[in-house]
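# Observations on the model geometry
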Amino acid sequence: MPVSWIILLVLVLAATAYVLGRRRALEGANGDPRRLHSRPVYYGWNAALSALVPAVLMLVVTRLALGSSNLGALLVLAAAIAGVIFALSRTTPDFRARNMVEQVVKAGLILCSSVAIATTLGIILSLVFESAQFFRMYPWQDFLFGTEWTPAFGGGSKLGMLPLLWGTLYISLIALLVAVPIGLFAAIYMSEYAGPRVRAWVKPAIEILAGIPTIVYGLFALVTVGPLLRDWIAAPTGLGDSGSSVMTAGIVMGIMLIPFVSSLSDDIINAVPQSLRDGSLGLGSTPSETIRNVVLPAALPGIVGAILLAASRAIGETMIVVLGAGAMARISGNPFEAMTTITVKIVGQLTGDNDFASPETLVAFALGLTLFVITLALNIFALYIVRKYREQYE
Amino acid sequence: MNDMSIVERKLTQDEIKISARGVQVYYGDKHAIKDVNVDILDKTVTAFIGPSGCGKSTFLRCINRMNDTIDAARVDGKILLDGEDIYDKRVDPVQLRAKVGMVFQKPNPFPKSIYDNVAYGPRIHGLARTRGELDEIVEKSLRGAALWNEVKDRLQEAGTGLSGGQQQRLCIARAVATQPEVLLMDEPCSALDPIATSQVEELIDQLRQDFSVVIVTHSMQQAARVSQKTAFFHLGNLVEYGATDDIFTRPQDPRTESYISGRIG
Amino acid sequence: MTDTTSGVVPESAGEPAMKSLLIADARTRRRNAAETRFRAYGIIAIGLAIAALFWLLSTILADGSSAFRQTYATIPVSIDASVVDPKGNRNPEEMRKVLTLSYEKLLTTGLKDYIAKENLQIEGLSDRDLKGFLSDQAKANLRASVLNDPELIGQVVTVPALTSSRIDGYFKGRVTAEQAARDSKTSPAQLALADALKSRDVLETRFNMGFLTNADASETRPESAGLGVAILGSAYMMLIVLVLALPIGVAASIYLEEFAPKNRLTDVIEVNIANLAAVPSIVYGILGLAVFINFVGLPRSAPIVGGLVLTLMTLPTIIIATRAALKAVPPSIRDAALGVGASRMQTVFHHVLPLAMPGILTGTIIGLAHALGETAPLLLIGMVAFVQDYPDAPPAGLFDPASALPVQIYNWTRRADPAFFERAAGAIIVLLVFLLIMNLAAIWLRRRFERRW
């Protein structure tokens, strides 16, 4: 019997149970709902849930144990019917049906909250499990400290992570050099100088940048910024001849991060109490002196947290570097050369036909694990700083 | 209501430091201060009293143009400081505020060390040529604020770590350090406990020797204790202005009398 | 912080007390200049940010708007029975054996006849040029319509036929005569023919519905590539995200905000959600690959996997927004309901949740918009595959291979023919229009139901 039929049957059973439970409760109270502990619908729901919950549990169990079989289907239906009979036998006017139903609903709510934990566990388990397989085939020292990345599907690959890490950090650094000054100054101007009318236009305009998908930035890097930098700066100065470069990806990623830095900084600057500004202005500071000497030092921990969050974004960003940075794994100081990042190589190793037994494919999971650990550490640290900062002014 | 209902009293001795003529303040559509005329004397503590929302704080903030920082506020009329109109176009509020210091309702030390809090004003205004001079100003100001003995061994500790009363005296020291001529205080004791309040009141009495002090307070007792002159504000009007003793013992306007006897406010 | 003010040794120190307020001293002038500079930095920063926005949007619009227009040739073509139905029995099975190549002959003949009829003199026009003039897709389309309607056989039909991407590019300014001379795939004679046909109104560049409805096309025929499968795939995934993420997210938020005891476990869940929101999206792709495809065994390239991955990715956003919305409902409302004897559960579902709904929906739409534009995780679960068949209707279609809008864009950027860049930029416009609609809906919701307590 296919699953859809079993589910349909169980639903019909539950609906019947609802009607029966409700009727039985009312009969027990001689048709007077005031003599019941709960409203009649709760008796109905209690009976229906008594059919559904055991049936679903049994369905999961039989699927795992027996696969798709008629015996399993029968067991499911039996569980549902047993549930209904049990519920109806308990349906008396004194039975606390509402409490029962609410208990089940609450259990459902808890189940939904645990999806978040399950997701984290899923991420960690899948990364760790597959990475462990990789490290059985490839020594971890060579992965972590190797300076050469030359995967060869015939065997004898060198899978050193350092060139990828270097590209990742270099691009992120350039992105932050673009985004932090622009985002921070924009936030300062908007929170300290701009009138409400300017703010009402400028703030949403900058936030549009945050709503644009990264693939759009990627295409922008590939088609517009890359060739522009190559033709006007890299080629004339002899620094490089590739449109894909650390600079291309860094600048475009920086643009993407501007709204991220500015809106976080804006929140943080606004959390600095007005009384500090008044105190400074009252002593005869100019507004800029007040900002530099009082507001920014007071907001510094929060701003550092915001920058760390932005850094974590930059490190985990994929599409911009896939389209803008290139695929050459190299360690070089020249920002107009193409380099590559951890995320680019994850995409590279995991798209197309994969052989999940070869280190060249599995290395992507080790890279994923590295990426996850770096960004998680940055996030936890940044969130901790920001939270501490907020508590200070609450 | 008669806007010109200030009861004229004979002014005693001293020279006039600040004189306000026909000051009007609007917050958007709200007429917050209505045609205030007042002369504030040098080396004197002047108290502004009145029920909350009467405009006393607003008027105080006009004297060092702190209202400039509020977009919706508009000030008409003249306020002369040593005969110069502070609302003249050529006046830079930054320079003005160096001359007219302000202490706020809630102690607001900067999240810096005690030393840096006090040195802040002298640094931005360039009052010290050398580190030694700066040290001297800091010590003098802290002594002036009766705080030196309590903090002299921990000048590098955070100003925010002090007690409420100490914080407020630190803010006074910070204001004094810029060597102002007028010191404005906006309910400086409202966030303090009684002991800290009495310390600050004592300090205000001492400050009178060097500055013209204007204090806004909603405590009539405090006004009576610390001030020589008192101005009573009501609904944006300056109702009565005169020697503190006279205001409290022989109020001439019925509104002043009602307020002092506790019927309004 | 370096500036003129923090120095301990100013030049104009001393006697500040006796100076007139009406004359700004040198130090004040310097400080005011610093103030002006500082403000200018702020304005420059905002200017740069907004300039970047306009630069980005204007290049995309400039590159992509031409994708919505396509060049068609409308020439009379006689459907020669001897070519398309060599046995002459109109048997559909037999006719199916006739390949597209034969239809190419029909179209080329039609083109040749037209040139002869109009007496067009075009130097160096070879048969090969004529063949390459029209798109391979035009031939396939003609075959499909003949198979569909055998009545057409023996008649002269005048259907708009797609021209090749080079001819189309010529009218869009992408291909020039000089390039054509150097390019083996285009000849100047073709372009001359195009000009001649254009002047006789046979060639027309008009709105290209196919861009929105067609499936993807192979490397050699960018002129017929469309977003149909990608839009459908994205729609399926958004459906899954909405159906799963909204109820689960709301349920989780209700538990955490209204019922959860303040203990370690709750703390762990909260920190966990905050961190999940910042996990790089590609990690979700790895999760999808490892769990849904390798472990559970769901098919690659299927919207169901994409939908599940995007659901997990969107959940933290929805939970954070929902909790904020629940928090904004004042406690007085809960107290009022509890006070008349409602249970906690009734209070939440009857009073708090309806009041929080606009905020929840706004957060959900914004989460969906994010999911719609997400590319990286979909690459890892095989949605880059070349898919030419439309997926079936849900639910079965959720397991069919499909593409997604952002992945289709990525796909086209990888192709060699520059005509695909125009398509990619055009697809971005489509994507941005969808995002704009979603965001406007969110703004409308927020305005419409904005409540002040």
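Residues numbered from 1 in each chain as written. Chains lettered and ligands numbered in written order. Predicted model: local features only at pLDDT ≥ 70, side-chain atom pairs only at ≥ 80, totals over all residues. Heavy atoms only, no water.

## Concerning the overall build of chain B
- Helices and strands together make up the secondary structure of chain B, namely 10 helices and 10 strands.
- For chain B, the C-alpha atoms occupy an extent of roughly 55 × 45 × 35 Å along the three principal directions.
- For chain B, the residues scored as buried account for 61% of the 265 residues in total.
- Considering chain B, the positive charge centre built from 33 side chains and the negative charge centre built from 37 side chains are found 2 Å apart. (Helix = DSSP H or I, 4+ residues; strand = E, 2+ residues; numbered from the N terminus. Buried < 20%, exposed > 50% of the residue type's maximum accessible area, 1.4 Å probe, protein only. Lys, Arg positive; Asp, Glu negative; His and termini not counted. Charge placed at Lys NZ, Arg CZ, Asp CG, Glu CD.)

## Overview of the interface of chain A and chain C
- Taken together, the contacts link 82 residues of chain A with 78 residues of chain C.
- Both faces considered, chain A and chain C share a buried interface measuring about 6,700 Å² in area, 77% of it formed by carbon and sulfur atoms.
- Of all residues in chain A, the largest losses of buried area upon contact with chain C belong to A:Leu109, A:Leu219 and A:Arg292, amounting jointly to 9% of the total for that side.
- Put simply, chain A and chain C have one salt bridge between them.
- Here C:Arg31 ties to A:Glu289 by a salt bridge, and the two come within 2.7 Å at their closest N and O atoms.
- Counting the contacts that link chain A with chain C gives nine residue pairs in polar contact (both at pLDDT 80 or more). (Contact = heavy atoms within 4.5 Å. Buried area = accessible area lost by both parts, 1.4 Å probe. Salt bridge = Lys/Arg side-chain N within 4 Å of Asp/Glu carboxyl O. Polar contact = N/O pair within 3.5 Å; in protein donor to acceptor, adjacent residues only side chain to side chain.)

## A short note on the packing of helix H8 (residues 214-237) of chain A against helix H9 (residues 246-270) of chain A
Residues and elements named next belong to chain A.
- The contact between H8 and H9 brings their axes to 9 Å, and the two run at 135°. Taken as axis vectors, H8 and H9 run oblique relative to one another. As H8 packs across H9, the resulting crossing turns out to be right-handed. Contact residues: H8 offers Thr214, Tyr217, Phe220, Ala221, Val225, Gly226 and Leu229, while H9 offers Met247, Thr248, Ile251, Val252, Ile255 and Met256. (Axes fitted to C-alpha atoms, helices over the stretch in contact; angles between N-to-C directions. Parallel < 35°, antiparallel > 145°, perpendicular 65-115°, else oblique. Left-handed = near helix turned anticlockwise from the far one by under 90°.)

## Thoughts on the side chain of B:Arg97
- Looking at the element boundaries, B:Arg97 is found in helix H2 (residues 93-99).
- Although B:Arg97 lies buried, it forms no salt bridge, and the closest oppositely charged side chain, B:Asp68, sits 4.5 Å away as judged by the N-O distance.
- Aside from chain neighbours lying at most four places away, what touches B:Arg97 is A:Leu281, A:Gly282, A:Leu283, A:Gly284, A:Ser285, B:Asn64, B:Arg65, B:Met66, B:Asp68 and B:Thr69.

## With respect to empty space enclosed by the protein
Residue and element names in this part refer to chain A.
- Going through the model one piece at a time under the given rule, you end up with two cavities of 30 Å³ or more.
- Approximately 40 Å³ is the volume found for the second largest cavity.
- Lining the second largest cavity are Ile6, Leu59, Thr62, Arg63, Gly67, Ser69, Gly72, Ala73 and Val76.
- Within the residue set of the lining of the second largest cavity, elements represented by two or more residues are helix H2 (40-66) and helix H3 (70-90).
- Residue composition of the lining of the second largest cavity, grouped by class: four nonpolar, four polar and one charged. (1 Å grid on protein atoms, 1.4 Å probe; cavity = no way out; pocket = protein on both sides within 12 Å on 5 of 7 lines; lining within 4 Å. Points joined across faces, edges and corners; volume = space filled by probe spheres on them. Nonpolar A, V, L, I, M, F, W, Y, C, P; charged D, E, K, R; others polar.)

## Digging into the environment of C:Val407
- Along the chain, C:Val407 falls in helix H18 (residues 405-413).
- Sequence-wise, C:Val407 and C:Phe420 are 13 residues apart; in three dimensions their C-alpha atoms are separated by 14 Å.

## Notes on the side chain of B:Ser113
All names here are of chain B.
- Structurally, the position occupied by Ser113 is in the loop between strand S6 (100-103) and helix H3 (114-125).
- Overall, Ser113 belongs to the buried group, its relative accessible area being 7%.
- Of the polar contacts made by the side chain of Ser113, one reaches the backbone nitrogen of Asp116; its length is 3.1 Å.
- Apart from residues no more than four positions distant in its own chain, Ser113 is found in contact with Leu155, Gln156, Glu157, Ala158 and Gly159.

## Some remarks on the layout of surface pockets
- A volume near 770 Å³ is recorded for the second largest pocket.
- A:Glu192, A:Tyr193, A:Leu281, A:Pro287 and B:Thr69 are, among the 27 residues lining the second largest pocket, the residues nearest its centre.
- Elements with a contribution of two residues or more to the lining of the second largest pocket: helix H6 (162-193), helix H10 (274-282) and helix H11 (287-316) of chain A, H2 of chain B together with helix H1 (26-64) of chain C.
- Of the residues contributing to the lining of the second largest pocket, the split by class is eight nonpolar, nine polar and 10 charged.

## Notes on the interface of chain B and chain A
- Counting from both sides, the interface comprises 23 residues of chain B and, opposite them, 18 residues of chain A.
- Where chain B abuts chain A, roughly 1,500 Å² becomes buried across the two surfaces, and 62% of that area is made up of carbon and sulfur atoms.
- Along the contact surface separating chain B from chain A lie zero salt bridges.
- The interface formed by chain B and chain A includes five residue pairs in polar contact (both at pLDDT 80 or more).
- Contributing elements (two or more residues each) for the side of chain B that touches chain A: H2, S6, H3 and helix H6 (164-177) of chain B.
- Broken down by class, the residue content of the side of chain B that touches chain A amounts to 12 nonpolar, six polar and five charged.

## Let's talk about the packing of aromatic side chains
Residue and element names in this part refer to chain B.
- For the coordinates displayed, the defined rule picks out 20 aromatic pairs over all chains.
- Consider the rings of Phe59 and Phe233, whose centres lie 5.7 Å apart with planes at 40°: the pair is tilted. In this pair, Phe59 sits in helix H1 (residues 56-63) while Phe233 sits in strand S9 (residues 229-234), placing the two residues 174 residues apart along the sequence.
- Judged by its relative accessible area of 0%, Phe233 falls in the buried class. (Phe/Tyr/Trp six-rings, centres within 6.5 Å; stacked < 30°, edge-to-face > 60°.)

## Describing the sheet that holds strand S7 (residues 182-186) of chain B
Residue and element names in this part refer to chain B.
- The sheet built from six strands is open, its strands ordered S6-S7-S8-S3-S9-S10 with mixed pairing. Looking at strand neighbours, the two that pair on one side only are S6 and strand S10 (237-243), the edges of this open sheet. Strand-to-strand twist across the sheet, computed as the mean angle between neighbouring axes with direction ignored, equals 20°.
- Of the pairings in the sheet, the one linking strand S3 (residues 45-49) to S9 comprises four bridges and is parallel in character. Paired with Ile49 across the bridge in S9 is Phe232. (Pairing = 2+ DSSP bridges.)

## Observations concerning the pairing of S10(B)
All names here are of chain B.
- With respect to burial, S10 is a largely interior element, six of its seven residues being buried.
- For S9 and S10, the ladder comprises six bridges, and the chain directions are antiparallel. Its bridge partner lying in S10, Ala231 is registered against Tyr241.
- Counting the residues in the hairpin turn of S9 and S10 gives two residues, including Leu235, whose phi is positive at 50°.

## Concerning the packing of H9(A) against H11(A)
Residue and element names in this part refer to chain A.
- Contact geometry for H9 and H11: axes closest at 9 Å, N-to-C directions at 145°. You can see that H9 and H11 cross each other, and the crossing is right-handed. Side by side, H9 and H11 meet where Met253, Leu257, Phe260, Val261, Leu264, Ile268 and Ile269 of the first sit next to Val295, Ala299, Gly302, Ile303, Ala306, Leu309, Ala310, Arg313 and Ala314 of the second.
- Of the residues belonging to the contact of H9 with H11, the class tally is 14 nonpolar, one polar and one charged.

## Considerations on the nonpolar core
- Grouped together as the largest cluster of nonpolar side chains are 237 residues, with contacts concentrated most on A:Ile346 and B:Leu142.
- Examining the composition of this core, we find that 16 residues originate from one element, H6(A), more than from any other.
- Dropping the residues within four chain positions of it, B:Leu142 is found in contact with B:Ile114, B:Val118, B:Leu147, B:Trp148, B:Val151, B:Leu155, B:Leu170 and B:Ala173.
- Of all hydrophobic cores here, the second largest spans 38 residues; its members include C:Met95, C:Leu106, C:Phe133 and C:Leu203. (Core = buried A, V, L, I, M, F, W, Y, C linked by side-chain atoms within 4.5 Å.)

## A closer look at the domain arrangement of chain C
All names here are of chain C.
- Along its sequence, chain C is carved into domain 1 (71-208) and domain 2 (228-449).
- Between the C-alpha centres of domain 1 and domain 2 the distance comes to 45 Å.
- Counting residues at the interface gives six residues for domain 1 and five residues for domain 2.
- Buried area between domain 1 and domain 2, summed over both chains or domains, comes out near 380 Å², and the portion from carbon and sulfur atoms is 30%.
- Inspection of the domain 1/domain 2 interface yields three salt bridges.
- Between Asp417 and Arg166 there is a salt bridge, and its shortest N-O distance comes to 4.0 Å.
- At the surface where domain 1 touches domain 2, the tally comes to two residue pairs in polar contact (both at pLDDT 80 or more).
- The residue makeup of the side of domain 1 that touches domain 2, split by class, is no nonpolar, two polar and four charged. (Domains from an automatic or database assignment.)

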